[in-house]
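Chain by chain, the residues:
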Number of protein chains: 2
Amino acid sequence: MVLYKYSEELAGSALPLSNNLYSMLQRDILTNKLKEGEKLTEQRLCDEYEVSRTPVREALRQLEINGLVENIPNRGSFVVGMSEQDVKDIFDLRKINEVQAVRWAIQRITEEEMTALEETFEFMEFYTMKNDIKKMININRGFHQIISTACHNRMLEHMIDSYQMYTRYVGEEKPKPDDYLQVLLEEHRRIFQAFTEKDEEAGAKAMEEHIANCKLRQCGE
Amino acid sequence: MVLYKYSEELAGSALPLSNNLYSMLQRDILTNKLKEGEKLTEQRLCDEYEVSRTPVREALRQLEINGLVENIPNRGSFVVGMSEQDVKDIFDLRKINEVQAVRWAIQRITEEEMTALEETFEFMEFYTMKNDIKKMININRGFHQIISTACHNRMLEHMIDSYQMYTRYVGEEKPKPDDYLQVLLEEHRRIFQAFTEKDEEAGAKAMEEHIANCKLRQCGE
DNA sequence: GATTGTATAATTGTATACGAAAATAAAATT
DNA sequence: AATTTTATTTTCGTATACAATTATACAATC
């Protein structure tokens, strides 16, 4: 079942998530194709994305909820976007919440979830060996996804899932050092090991360092 | 300016936020008027809320983002709703994040924000004296709002603001003990005092206990 | 009787139409 | 020339229309 999931992505194109208008606009804002402060005229989006106003408006309202767009009544929608500071701040946020998630997950993980986590980690080892960064990025998401599910706090899971997207495209085309995947793998190994040993403190520490490192790698300094 | 804000609410009706369709549906899901699993046919919502399908669809898509509604393509929208466990979980989430917010806020609060916080706290004292629960609930929101702003982490502020709504209607018509406002005021006094003394640890502790108490008061046990 | 196939109705997804508000351009006034 | 006023255009907010999909009802078959 987990195997199926990754082989599906493996078979499919490089593009991970659905390409509905909402995701596309999200991507284009986060990758700065649509710039901070820019006005998003509905008709313009209709033309550029080749859809009618109804789906455009629906997407804009969704973007408004997660703060990527600001809507001023009767005046229009404006890109809010994310500053470099915002991105750093989100890594700090993710750190707090995902550290807590690991703690709860280690306490509450089911056998089935543990199997999935194990399988996923093995995939990570495999694709590190193959040096396939693209696959690793997808599997990495899966790894964290399993943890956020395993903490059995539906709202924390929801929060982690929705905040993950803000940092999704950060440092995407930044050149990676040769040992990038090895380092990433070792960070995940420490997290995974904390699960096998049911060591909450070790898990919390490993996750905290992992996200701190992600922040360093992707934001620099 | 802060004064204006509250006097505006004072003059206005009891209903705090805007009564657009999104807020109304949100309220009706969270107060269980629309029940878990219930299908939300667009036409039915048009009839019941007396609007056309366009705003209905926009609202449904927004509710989907914050997880109150699930949308299955070509089949429709279904109420997800919140279990009692979810509500408890959210208080735990809020605890983690608002404790962190207090820490950062104590470090980073501006003079202007400090003045606003002071003013707000004085309003709390005033309405506790007047024993006006409705006003206190609004001002309470304002108090926490100022803190989430003062932490100067735009994304944490956004998170706190959006998660606040999940517990907004919880225990609303539950009878309150006689000393309810006094107790609430004292909890806030401890938080406020931590700000005046710039004591991060005291602030964190006060906020943690405050939210734990909110959970106790509103969820019981 | 249960199951499959077909016709009908209901519902969603998208496009378009129209009134209202705002932005812009042009004309009139100081 | 600068400012105000008016007219025009653009854009938003909402309603409605139509095609595509799904659900339902009913008949036919096993």
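Refer to the structure printed above.
Residues numbered from 1 in each chain as written. Chains lettered and ligands numbered in written order. Predicted model: local features only at pLDDT ≥ 70, side-chain atom pairs only at ≥ 80, totals over all residues. Heavy atoms only, no water.

(A) The interface of chain B and chain A, seen in detail. Contact residues are listed per partner, giving 30 residues for chain B and 30 residues for chain A. On the chain B side of the contact with chain A, B:Glu58, B:Ile65 and B:Met155 bury the most area, a combined 24% of that side's loss. Our enumeration of links across chain B and chain A arrives at six salt bridges. Across the pair A:Arg61 and B:Glu58 runs a salt bridge whose closest N-O atoms are separated by 2.5 Å. At the level of elements, α4 (53-65), α5 (84-108) and α8 (154-164) of chain B are the ones that each hand at least two residues to the side of chain B that touches chain A. It is α5(B) that contributes the most residues to the side of chain B that touches chain A, nine residues altogether. Here the side of chain B that touches chain A is built from residues that sort into 13 nonpolar, nine polar and eight charged. (Contact = heavy atoms within 4.5 Å. Buried area = accessible area lost by both parts, 1.4 Å probe. Salt bridge = Lys/Arg side-chain N within 4 Å of Asp/Glu carboxyl O. Helix = DSSP H or I, 4+ residues; strand = E, 2+ residues; numbered from the N terminus. Nonpolar A, V, L, I, M, F, W, Y, C, P; charged D, E, K, R; others polar.)

(B) Region of interest: the relation of the copies chain B and chain A. Here chain B sits on chain A after a turn of 180° about the axis and a move of 0.0 Å along it, with an RMSD of 0.0 Å. Viewed as a symmetry operation, the transformation between the two copies matches a two-fold axis. Here 100% of the interface residues in chain B have copies in chain A that are interface residues too; the copies meet face to matching face. (Least-squares fit on C-alpha atoms with pLDDT ≥ 70 in both.)

(C) How the structure looks around the protein's contact with DNA strand D. By nearness alone, 18 residues border DNA strand D, and A:Arg53, A:Arg57, B:Ser52, B:Thr54 and B:Arg75 come closest of all. Looking at DNA strand D alone, sugar and phosphate atoms form 60% of those within 4 Å of the protein. Between DNA strand D and A:Asn74 there is a distance of 3.0 Å, counted from a phosphate oxygen to a backbone nitrogen or oxygen. B:Arg75 is positioned such that a nitrogen or oxygen atom in its side chain is 2.3 Å from a phosphate oxygen of DNA strand D. Among the elements of the structure, β1 (39-40) and α4 (53-65) of chain A together with α4 of chain B are those that each provide at least two residues to the surface near DNA strand D. Residues that form the surface near DNA strand D fall into these classes: four nonpolar, six polar and eight charged. (Near = heavy atom within 4 Å. Polar contact = N/O pair within 3.5 Å; in protein donor to acceptor, adjacent residues only side chain to side chain.)

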